[in-house]
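So the chains spell out like this:
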Amino acid sequence: MGGITGTFKGFGVTFSHMFRKVVTTDYPFKPPTPAPRYHGRHILNRHPDGLEKCIGCELCAWACPADAIYVEGGDNTDEQRFSPGERYASTYQINYARCIFCGLCIEACPTRSLTMSNEYELARDNRQDLIFTKEQLLAPLLPGMEQPPHPMRLGDSEKDYYVGALENPGTSAGAERSPMGPGRYALDETPGVTFPGAEQAAQRAEAAKGSKGDRA
Ligand code: SF4
Ligand code: SF4
């Protein structure tokens with residue numbers, strides 16, 4: 001009798017799982033959408049005129065518990081200006097073989113230069129490619145932005161970038177102006193702008209079309 005009860009109990013577990021919501025996803029053709037505040041790959045944001053928000057202060061590197069960030073600061077000059085104020089990051093790297101996506105670096109950043117996106121497809125087949133350079137991390141130029149180096153366009157001093165932005169938060173937006181929301185632009189298709197991850201998304205869409213054709 002006990003054996004029969006045990007059998008039904010066992011099947012009960014099986015049947016209860018058969019009617020639960022399926023959690024399997026059709027990855028990579030239909031990648032799941034992470035939570036809005038998901039910690040994905042980092043972005044180095046820009047001011048609305050295209051200048052970089054990063055001032056090369058290294059606070060993010062000091063805050064990182066995994067020693068994943070490497071920054072070298074450089075001096076801006078009137079002829080070669082990459083950010084408002086005196087300094088910019090001449091070298092900026094994040095090693096994703098080390099990063100644990102804790103977000104302490106973005107908390108430490110005094111200029112909100114560093115934020116995190118929702119992009120999670122970071123697997124690479126060698127360690128070297130897991131070291132993302134400044135060029136890879138920099139936010140794309142949105143319409144109206146100009147590729148640095150160039151003079152300050154929003155005022156005569158860096159105060160116009162920071163104090164002015166406090167008075168009018170809209171003027172501080174760089175990459176945050178994404179139609180998908182703050183830092184969420186990995187798979188966006190804004191005309192004329194190439195977003196990080198857009199290429200992979202396009203490849204995935206092509207592959208999905210191909211696989212549908214194979215099945216037909
Ligand atoms: S998310 Fe955490 S581990 Fe990754 S770079 Fe930032 S501070 Fe370091
Ligand atoms: S990302 Fe922020 S904290 Fe890191 S060097 Fe640039 S300004 Fe400083």
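Only a predicted model underlies this, so the values are computations on that prediction, with no experimental measurement involved.

1. So, the overall build of the protein
Secondary structure assignment for the protein yields six helices and five strands. Across the protein, helices and strands are ordered from the amino to the carboxyl terminus as α-β-α-β-β-α-β-β-α-α-α. Taken over 216 residues, the protein has a buried fraction of 25%. By sequence separation, contacts in the protein at least 24 residues apart represent 70% of the contacts at least 6 residues apart.

2. Here we look at the nonpolar core
Formed by 21 residues in total, the largest nonpolar core has its most connected members in Leu44, Cys54, Cys60, Ile69 and Cys105. Going through the elements one at a time, β1 (42-44) and β3 (87-95) are the ones with two or more residues in this core. Per-element tally for this core: the top contributor is β3, with four residues. The residues contacting isoleucine 69, other than those within four sequence positions of it, are Cys60, Ala61, Cys64, Ile94 and Cys105.

3. A short note on the site of ligand 2
What surrounds ligand 2 is a group of 14 residues, the closest being Cys54, Cys57, Cys60, Cys109 and Leu114. Considering only residue class, the shell around ligand 2 consists of ten nonpolar, three polar and one charged.

4. As for the UniProt feature "binding site: [4Fe-4S] cluster 2" (unreviewed entry) in the protein
In the numbering adopted here, UniProt assigns the feature "binding site: [4Fe-4S] cluster 2" (unreviewed entry) to Cys64, Cys99, Cys102 and Cys105. Judged by maximum C-alpha separation, these annotated positions cover 42 residues in sequence but sit close together in space, the widest gap being only 10.3 Å. The residue cysteine 64 is located in the loop between α2 (59-63) and β2 (69-75) in this model. Its 20 C-beta neighbours within 10 Å are what place cysteine 64 among the buried residues. Among residues more than four places away in sequence, those in contact with cysteine 64 are Ile69, Leu104 and Cys105. Along the chain, the position of cysteine 105 falls in helix α3 (residues 104-108). Excluding residues that lie within four positions of it along the chain, cysteine 105 makes contacts with Cys60, Ala63, Cys64, Ile69 and Leu114.

5. Some thoughts on the sheet that holds β2
On the basis of which strands lie adjacent, the open sheet formed by three strands has the order β2-β3-β5 and antiparallel pairing. In this open sheet, the two strands that pair with only one neighbour each are β2 and β5 (131-133). Ignoring which end each strand starts from, the neighbouring axes of this sheet average 20° apart. Bridge count between β2 and β3: seven bridges; the pairing is antiparallel. Looking at β3, one finds that glycine 74 is bridged to tyrosine 88.

6. Regarding the pairing of β3
In this structure, β3 lies alongside β5, joined through three bridges in antiparallel fashion. Paired with asparagine 95 across the two strands is isoleucine 131, which belongs to β5.

Procedures and definitions
- Residues numbered from 1 in each chain as written.
- Chains lettered and ligands numbered in written order.
- Predicted model: local features only at pLDDT ≥ 70, side-chain atom pairs only at ≥ 80, totals over all residues.
- Helix = DSSP H or I, 4+ residues; strand = E, 2+ residues; numbered from the N terminus.
- Buried ≥ 20, exposed ≤ 12 C-beta atoms within 10 Å, placed from the backbone.
- Contact = placed C-beta atoms within 7 Å.
- Core = buried A, V, L, I, M, F, W, Y, C linked by C-beta atoms within 7 Å.
- Near = placed C-beta within 6 Å.
- Nonpolar A, V, L, I, M, F, W, Y, C, P; charged D, E, K, R; others polar.
- UniProt positions renumbered as here; feature names shortened; annotations may be inferred.
- Pairing = 2+ DSSP bridges.
- Axes fitted to C-alpha atoms, helices over the stretch in contact; angles between N-to-C directions.

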